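# Coordinate inspection notes
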Amino acid sequence: EEEFKWLLQEKVHAVLKQLQDILKEASNRFTLPTTGLGGAIRQENFMLSTSGTDQLKGVLTLQGDTLCQADVNLKMFRNNQLLHFEFREDKQWKLQQIQDARNHVNQAIYLLMNREANYQFKTGSEVLKLMDAVMLQLSRARNRLTTPATLTLPEIASSGLTKMFTPALPPDVLVNFYINLNKLCLTVYQLHVLQPSTTKNFKAAGGSILHNPGAMFEFGNQRFEVSHVHRVECVVPWLNDALVFFTVSLQLCQQLKDKISVFSSYWNNRPY
């Protein structure tokens with residue numbers, strides 16, 4: 001009983017403080033403030049390419065959760081024409097996955113800070129409930145980075161992203177940016193128009209993270225088929241740090257839950 005009281009009054013707060021420190025570090029990774037006054041978020045340039053092919057290359061400028069510049073070179077298969085397009089100067093693209101992940105981390109920090117050092121936990125179930133709430137936010141944060149959104153090809157075609165480039169994207173090219181784990185990914189789809197007289201069996205593709213050649217869709221009263229898919233990526237080191245912090249925090253939460261559960265089980269089954 002005395003040990004359980006010590007666990008509730010001392011050990012739990014030590015773990016909560018440790019979790020707060022780790023998660024504040026994780027949250028700071030998403031902002032990367034520049035040194036000096038003003039606290040502006042640092043801009044980072046990333047080179048996207050794949051070894052063995054020069055079909056698609058790009059340089060992306062990331063500022064926290066915002067792509068503020070994209071410079072892309074694409075070699076078209078059908079005529080070996082080299083296309084170059086970049087973000088218009090007045091355009092930036094929010095990476096919702098990063099924004100959501102940071103919001104979930106900050107929500108977890110808020111939950112932890114709600115229990116100040118002088119707060120007295122009365123029962124094990126109270127601690128378990130708090131740990132479950134924190135773990136839910138951390139799992140959601142991690143899932144936003146590890147699980148990109150599944151999109152249909154018409155959704156990609158109608159995305160605001162298609163209108164951000166200069167020169168304008170040709171109608172037979174689609175682009176998509178997303179985060180996958182610790183990587184920033186760019187996918188470019190080359191399309192060809194399916195003529196009304198085609199003998200191909202038209203079947204619209206559903207939602208997917210990455211569509212394969214042969215996927216068909218209808219958009220703007222025309223039917224298209226994906227002829228080629230190009231995907232390039234690069235590692236974003238601070239996303240890797242954030243994912244490590246999430247894993248460590250989830251392990252700490254689970255360890256505390258396990259200790260509480262052992263004591264609670266003994267307490268409920270003790271002889272009278």
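What you are looking at is a predicted structure, and each value in this text was computed from that prediction instead of being measured. (Residues numbered from 1 in each chain as written. Predicted model: local features only at pLDDT ≥ 70, side-chain atom pairs only at ≥ 80, totals over all residues. Heavy atoms only, no water.)

## Comments concerning the side chain of Ser 27
Filter applied, for reference: Strands are runs of DSSP state E lasting at least 2 residues, helices are runs of H or I lasting at least 4, and numbering of each runs from the N terminus. Any two residues whose heavy atoms approach within 4.5 Å are treated as being in contact.
With respect to the helices and strands, the residue Ser 27 is situated in helix α1 (residues 2–29). Sequence-distant contacts of Ser 27, that is, excluding residues within four places in its chain, are made with Arg 102, Val 105, Asn 106 and Ile 109.

## Some details on the state of the cysteines
To keep it simple, the criterion reads: Our working definition of a disulfide is a cysteine sulfur pair at a distance within 2.5 Å.
The full count for this structure, using the stated rule, is zero disulfides. Free of any disulfide, Cys 68 has its nearest cysteine sulfur in Cys 234, 13 Å distant.

## Remarks on the packing of helix α2 (residues 96–113) against helix α3 (residues 124–146)
So the rule is basically this: A fitted line through C-alpha atoms serves as each axis, taken over the contacting stretch for helices, and the angle formed by two N-to-C directions is quoted from 0 to 180°. When an angle is under 35 degrees it counts as roughly parallel; over 145 it counts as roughly antiparallel; between 65 and 115 it counts as roughly perpendicular; any other value is oblique. Put simply, a crossing is left-handed when the front helix is turned counterclockwise from the back one by less than a right angle, and right-handed when it is turned clockwise. Amino acids outside the nonpolar list (Ala, Val, Leu, Ile, Met, Phe, Trp, Tyr, Cys, Pro) and the charged list (Asp, Glu, Lys, Arg) are all regarded as polar, and Gly is one of them.
Between α2 and α3, the shortest axis-to-axis distance is 8 Å and the interhelical angle comes to 165°. The pairing of α2 with α3 is recorded here as roughly antiparallel in orientation. Handedness of the α2/α3 crossing: left-handed. Residue-level contacts link Gln 96, Gln 97, Ile 98, Asp 100, Ala 101, His 104, Val 105, Gln 107, Ala 108, Leu 111 and Leu 112 of α2 to Leu 130, Met 131, Ala 133, Val 134, Gln 137, Leu 138, Arg 140, Ala 141, Arg 144 and Leu 145 of α3. In terms of residue class, the contact of α2 with α3 is made up of 13 nonpolar, five polar and three charged.

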